[in-house]
Amino acid sequence: MTELRLSLDLMIWAILCGITLSCLYCAILWYSVRKLPHIKHKGLFLFLSSVFRLVLFGIVSVSLATRHPALLLCMFAAFVITRLFIVKKKGVAC
């Protein structure tokens with residue numbers, strides 16, 4: 001079984017990754033929505049935008065999970081909490 005003890009600097013690193021990833025995720029989504037009226041093939045654009053956001057999230061998640069599984073938990077918690085703050089503050093659905 002994997003030991004779940006982490007050093008403080010690794011936890012802070014994972015939390016900062018989660019916050020940054022959440023802000024980047026919402027910014028890309030907001031940019032996609034703002035650009036949508038000017039796009040001819042809206043379905044393809046939305047599909048590629050969502051694939052890009054999911055791949056970005058997956059790459060960061062896998063890279064943290066390979067270092068230590070508990071880092072993924074810290075990153076994911078920071079990601080969700082930051083998204084909640086962004087949605088509540090800006091009224092943006094991301």
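Here is what the cut-offs are and how they apply
Residues numbered from 1 in each chain as written. Predicted model: local features only at pLDDT ≥ 70, side-chain atom pairs only at ≥ 80, totals over all residues. Heavy atoms only, no water. Helix = DSSP H or I, 4+ residues; strand = E, 2+ residues; numbered from the N terminus. Expected span 1.5 Å × (residues − 1). Buried < 20%, exposed > 50% of the residue type's maximum accessible area, 1.4 Å probe, protein only. Disulfide = S-S within 2.5 Å. Phe/Tyr/Trp six-rings, centres within 6.5 Å; stacked < 30°, edge-to-face > 60°. Lys NZ or Arg CZ within 6 Å of the ring centre and 35° of its normal. Axes fitted to C-alpha atoms, helices over the stretch in contact; angles between N-to-C directions. Parallel < 35°, antiparallel > 145°, perpendicular 65-115°, else oblique. Contact = heavy atoms within 4.5 Å. Nonpolar A, V, L, I, M, F, W, Y, C, P; charged D, E, K, R; others polar. Core = buried A, V, L, I, M, F, W, Y, C linked by side-chain atoms within 4.5 Å.

### Points about helix H1 (residues 8-35)
With 28 residues, H1 ought to run about 40 Å at 1.5 Å a step, and its terminal C-alpha atoms sit 40 Å apart, in line with that. For H1, the complete set of buried residues consists of Ala 14, Cys 17, Gly 18, Leu 21, Ser 22, Tyr 25, Cys 26, Ile 28, Leu 29 and Ser 32.

### Focus on the state of the cysteines
The final tally for this structure, using the stated rule, is 0 disulfides. Here Cys 23 stays unpaired: no disulfide links it, and the sulfur of Cys 26, its closest cysteine neighbor, is 7.2 Å away. Judged by relative accessible area, Cys 23 falls into the partly exposed class, the value being 37%.

### What to know about the packing of aromatic side chains
All chains considered together, the criterion is met by 3 aromatic pairs. Between Tyr 25 and Phe 79, the ring centres sit 5.6 Å apart and the planes meet at 80 degrees, which makes this aromatic pair edge-to-face. Taken together, the positions of Tyr 25 in helix H1 and Phe 79 in helix H3 (residues 69-90) put the pair 54 residues apart, joining distant regions of the chain. In this structure, Tyr 25 and Phe 79 share a single accessibility class: buried. Through successive ring pairs, a cluster of aromatic residues spans Tyr 25, Phe 57, Phe 76 and Phe 79. Cation over ring: Arg 53 sits above Tyr 25, and NZ or CZ is 5.2 Å from the ring centre.

### Observations concerning helix H2 (residues 42-67)
Here H2 spans 38 Å end to end across 26 residues, near enough to the 38 Å set by a 1.5 Å rise per residue. Regarding H2, the residues found buried are Ser 49, Arg 53, Phe 57, Val 60, Ser 61 and Leu 64.

### Considering the packing of H1 against H2
Relative to each other, H1 and H2 sit at 175 degrees, their axes nearing to 10 Å. Classified by the angle between their axes, H1 and H2 sit roughly antiparallel to one another. When H1 is examined against H2, the residues Leu 10, Trp 13, Cys 17, Leu 21, Leu 24, Tyr 25, Ile 28, Leu 29, Ser 32 and Lys 35 are found in contact with a partner set consisting of Phe 45, Ser 49, Phe 52, Arg 53, Leu 56, Phe 57, Val 60, Leu 64 and Arg 67. Along the lines of polarity and charge, the residues of the contact of H1 with H2 split into 14 nonpolar, 2 polar and 3 charged.

### A few points about the side chain of Ser 61
Tracing the sequence through the fold places Ser 61 in helix H2. With a relative accessible area of 10%, Ser 61 lands in the buried category. Excluding anything up to four places from it in sequence, Ser 61 contacts Leu 72 and Met 75.

### So, the nonpolar core
Core analysis: the largest hydrophobic core is formed by 13 residues, its most contacted members being Leu 6, Leu 21, Phe 57, Leu 64, Leu 71, Met 75 and Phe 79. Elements supplying a minimum of two residues to this core: H1, H2 and H3. Counting residues per element, this core draws most heavily on H3, which supplies 5 residues.

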